[in-house]
Amino acid sequence: MSSIKHSMKKVGVLLSSTLLLAAVILAGCAPASAPVATPQAGELSGTINEAGSTSVQPLAELMATAFTAKYPKVTVNISGGGSSAGVKAIAAGTVDIGAASRDIKITEPDVIPVCIARDGVAIVVNEANSLTGVTIEQVAKIYAGEITNWKDVGGNDATITVVSREEGSGTREVFEEYVTGAFKKKIKADALFFDSNGAIRSKVASDKNAVGYVSFGYVAGLKTLMVNNVAPTIENAQSGKYPIVRRLYFLTKSVPSGIVKEFIDFCRGPEGQKIALNEGYIPLVLK
Amino acid sequence: MAVKIQIRDLNFFYGPAQALKSINMDIYENKITALIGPSGCGKTTLLRLMNRMSDLVPDTRVEGQVLIDGQDIFEKSVDVVNLRKKVGMVFQQPNPFPKTIFENVAYGPRMLGTNDKQALSKIVEESLKKAALWDEVKEMLNKSGMTLSGGQQQRLCIARVLAVNPQIILMDEPCSALDPISTLKIEELMMDLKKEYTVIIVTHNMQQAARVSDYTGFMLLGELVEYAVTREIFNVPKDKRCEDYITGRFG
Amino acid sequence: MSKISDSVLQPGCELRRVYDGFWRYAIYLFGAISFIILLLIALFIFREGYPAFQKIGIWQFISGLRWDVSDQAYGILPMIIGSTYVTIGALLISVPLGIFTAVFLTDVAPQMMRSIIRPAIELLVGIPSVVYGLVGMLMLVPIIRQSGHGSGDSVLAASIVLAVMVLPTIVSITEDSIIAVPNAYREGALSLGATRWQMIWHVVLPAAKSGIIASIVLGMGRAIGETMAMIMVIGNSIIIPDSIFSPARTLTGTLALELKYAAGLHWNALFATGVVLFVFILILNSFGFLMLRGKNK
């Protein structure tokens, strides 16, 4: 009995969150549908607290800076903590906005995700690497430990240093979903693991045999590889040609209103999306 | 009577302060020489110069000579480590190492390269016998040296010195931390030791100097005021200051 | 007689007793607070970690070779071994170096050098962990990589970085215990014709032994607990290292890497890792303090 009840409840949660997700995606990973009448400057006041994904954090901080420049009476506090912490915080009501760099899992509490930008994940190597492109399957095999030498994918004869993000990272989740998971493979245990885009960048930049994956915003100083003959550019990601892309979300507990709504709309509007583009994120499709 | 140590025009400075002023002194072989005088007169300083323990104090300067068997110990060619093996020292506070009784005595010979267990045992036994401690500790050689009484510890330290086979033994107030009975034992021991060794003792205790020593030097403010056969110093002191000190008028 | 008992019963005396009692209890309270904080932390870690022990089983958790969150496989043996190797490696470097440095400072160095070197070593304590990690990552790791042994992120790199980090602990406690060795021991040895080196080796160091051991144990506690610098230079691979050039992962590294995204059993397993660490360090530190107390007796 109880197990049936339990699974029924699970289904309910699954349904509701899927519906919510679908609604959000439909409504929009396009910009805010009904343009709000821009309020008079100085009209808005109050404090917004945001916490969650560290991948969203730098973008959210820039958006908040622009927002508070426009509405000086508003204070926006942005902090990190990770996607899971973001979900927990918004569910517990300790913040006004949560942030997540991955889809919300069915095991997690009910929250309302709103996409504020997308982020591409690029496969990166050292600038000294002669390779220009790989297939997704080759990347999956490299990460699974089935290919261990660059010469097997057309490069020099050298052992590959495989560099990955840690378990639970949003970047890693999207990588696992589109790359290793697509070929039912797992990232090998003897890969090197680091806990930030920055750490991966410095590792790959200093080791000429390394391969890693980072957000588009972190490819400076590295060589990006074409994947299945598609270069990891914002245009290719926006057009859907480049496959390894994830969504960045703001989370609210209920339908946003007041200054929280104003801030989210600002982020999703032209001003916010311009910031996203400048920082190497993939903006929502603007009309 | 052979002279073992000749001290010639010895001046010694701690930084700018002069601690010893042109000391001249002959110390005789197989005799006990006592150095007496009030605190701070330089007697311990003089004693510690004879095996160059004075080197341990930074910022000091020596002028003049200390000749042992005719060899100046301050010459550059002199190996201070060898010098100290030849000139042993017993300190005011008994200072056995935190090791067993056996290891305390065996320490010196071990450093000199004796590692054979039997040879060491022999040296330890002989040294302890010479230091009149053997009968008291022969059953407990593996106990810590720290468990002994103060007087026993001091004799252990003497045995430790004897084990490296020195020629001269310097004693810096060796009985000042001991009770009268232990003091008496050490004094008896000294009388034995002078048969084989040259002994120099610094003491505050004038009865002790009178009892055990053959020669006595009286020092004051860094000078050797009077130096003679002990009997003479105590009976017919030539210098007024020496007489005052011995009769207890100051010090 | 009567005068004395009168004065004892004076009201002013009563007030003083209350005042005195108040401060006594206030001090007890402050003392108790730090203990209570420790207790609460322990309680929290155990509470969060307990479900993992329950679901996985303590033995399977400690002896398991696989840590794969997507498979819900949680075994921390590779991390236990990783932490142990790095700690041993660090001590192999820092203990001799630390003891020699302490001896150098107390018995060899001229005053001038002492007054430069001692503050320099004490300064090492104040450098943030991340800076050590960065220096290790940008200088040490490339050097090891260029020597031709793998990627450079390795037990060796971690051990070297950690050795520098625990050096001040070992130097300062060893130095204190060497200074505490009575000068009479030194003079005794020297007067027997010991060279300075023989004196230090045979007399001074044995006399300072318990303090030195305490410094090693406390250094070990610090080594096991160190996180930030470690995750930057050790590679964090979940494998049992087969050489000093192999990458590895430490217990604390796992916590630092994964905690911010963890949920559910993963979360509990990370706290269970914390419990294991907590017990490890508790045992080590108690041992270290017992040694220190033994010395002071």
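Residues numbered from 1 in each chain as written. Chains lettered and ligands numbered in written order. Predicted model: local features only at pLDDT ≥ 70, side-chain atom pairs only at ≥ 80, totals over all residues. Heavy atoms only, no water.

### Things to note about the overall build of chain B
Quick note on the threshold: Strands here are runs of E lasting at least two residues and helices are runs of H or I lasting at least four, both read from the DSSP assignment and numbered beginning at the N terminus. In this setup the radius of gyration rests on C-alpha atoms only. A globule is expected at 2.2 Å times the number of residues raised to 0.38. To sort residues, take the accessible area from a 1.4 Å probe on protein chains only and compare it with the maximum for the residue type: under 20% means buried, over 50% means exposed, and anything in between is partly exposed. The contact criterion used throughout is that any non-hydrogen atoms of two residues lie within 4.5 Å. Per-residue accessibility takes into account occlusion by the displayed protein chains alone, with areas from the Shrake-Rupley method and a 1.4 Å probe. Asp and Glu are treated as the negative residues and Lys and Arg as the positive ones, with His and the ends of the chain left uncounted. Charge positions are represented by NZ for Lys, CZ for Arg, CG for Asp and CD for Glu.
When its secondary structure is counted, chain B shows ten helices and ten strands. Its C-alpha radius of gyration of 18 Å places chain B within 12% of the 18 Å reference for a compact globule of 251 residues. Along the three orthogonal principal directions, the C-alpha set of chain B runs to about 55 × 45 × 35 Å. For chain B, the proportion of its 251 residues judged to be buried stands at 55%. In chain B, the share of contacts with a sequence separation of at least 24, taken over all contacts with a separation of at least 6, comes to 68%. With an accessible surface of roughly 11000 Å², chain B has 48% of that area assigned to carbon and sulfur atoms. Side chains of chain B carry 31 positive and 31 negative charges; the gap between the two charge centres is 3 Å.

### What about the pairing of strand β11 (residues 245-252) of chain A?
Residues and elements named next belong to chain A. Just so we agree on the cut-off: Here the rule is simple: two strands pair whenever DSSP picks up at least two bridges between them.
Burial runs high along β11: seven of the eight residues are buried. Judged from the three bridges that link them, strand β3 (residues 97-100) and β11 form a sheet pairing that is antiparallel. Across the sheet, the residue bridging to Ala99 is Phe250, located in β11. Where strand β4 (residues 112-125) and β11 come together, eight bridges link them in antiparallel fashion. Across the sheet, Asp119 pairs through a bridge with Arg246, a residue of β11.

### Quick notes on the interface of chain C and chain B
One frequently used descriptor of interface size is the decrease in accessible area upon assembly of the parts. Put simply, the rule is: As a working definition, buried area equals the accessible area (1.4 Å probe) given up by two parts on being put together, with both sides summed. Take a side-chain nitrogen of Lys or Arg and a carboxyl oxygen of Asp or Glu: if they are within 4 Å of each other, that pair is a salt bridge. Within 3.5 Å is the distance limit for a polar contact, defined as a pair of N or O atoms, with the added protein rule that one can donate a hydrogen and the other accept it, and that residues adjacent in sequence qualify only through two side-chain atoms.
The partner chain B presents 22 residues to the 16 residues of chain C that form the contact. Between chain C and chain B, roughly 1600 Å² of surface is buried when both sides are summed, and carbon and sulfur atoms account for 67% of that area. Arg48 of chain B is paired through a salt bridge with Glu187 of chain C; the nearest N and O atoms lie 2.3 Å apart. Our count for the contact surface shared by chain C and chain B stands at three residue pairs in polar contact (both at pLDDT 80 or more). The set of elements that each furnish at least two residues to the side of chain C that touches chain B consists of α8 (183-191) and α9 (196-207) of chain C. Of the residues forming the side of chain C that touches chain B, the biggest block, seven residues, is contributed by α8 of chain C.

### Topic: the confidence of the model for chain B
Which entries qualify depends on this criterion: Confidence of the predictor in every single residue is expressed as pLDDT, which spans 0 to 100.
Averaged over every residue, the pLDDT of chain B is 88; residues scoring 70 or more account for 99%. Mean pLDDT across the elements of chain B ranges from a minimum in helix α10 (residues 240-246) of chain B, with 86, to a maximum in strand β8 (residues 198-202) of chain B, with 93.

### Examining the packing of aromatic side chains
Test applied: Centres within 6.5 Å make a pair out of two Phe, Tyr or Trp rings, where for Trp the six-membered ring is used; the pair is then stacked when the planes are under 30 degrees apart, edge-to-face when over 60, and tilted otherwise. In this analysis the charged atom, NZ for Lys or CZ for Arg, is taken to sit over a ring once it is within 6 Å of the ring centre and within 35 degrees of the ring normal.
On inspection of all chains with the given rule, the structure shows 23 aromatic pairs over all chains. Taken together, the ring pairs connect Phe67, Tyr71, Phe250, Phe263 and Phe266 of chain A into an aromatic cluster. Positioned above the aromatic ring of Trp267 of chain C, the side-chain terminus of Lys88 of chain A is 4.1 Å from the ring centre. A cation over a ring is seen here: Arg61 of chain B above Phe13 of chain B, with NZ or CZ 4.1 Å from the ring centre.

### Focus on the interface of chain C and chain A
If you look at the interface, chain C gives 26 residues, while chain A gives 27 residues. Roughly 2100 Å² is buried in total at the junction of chain C and chain A, and carbon and sulfur atoms are behind 51% of that figure. Of all residues in chain C, the largest losses of buried area upon contact with chain A belong to Arg145, Lys260 and Tyr261 of chain C, amounting jointly to 33% of the total for that side. Our count for the contact surface shared by chain C and chain A stands at four salt bridges. Residue Arg145 of chain C is joined to Asp207 of chain A by a salt bridge in which the shortest nitrogen-to-oxygen separation is 3.5 Å.

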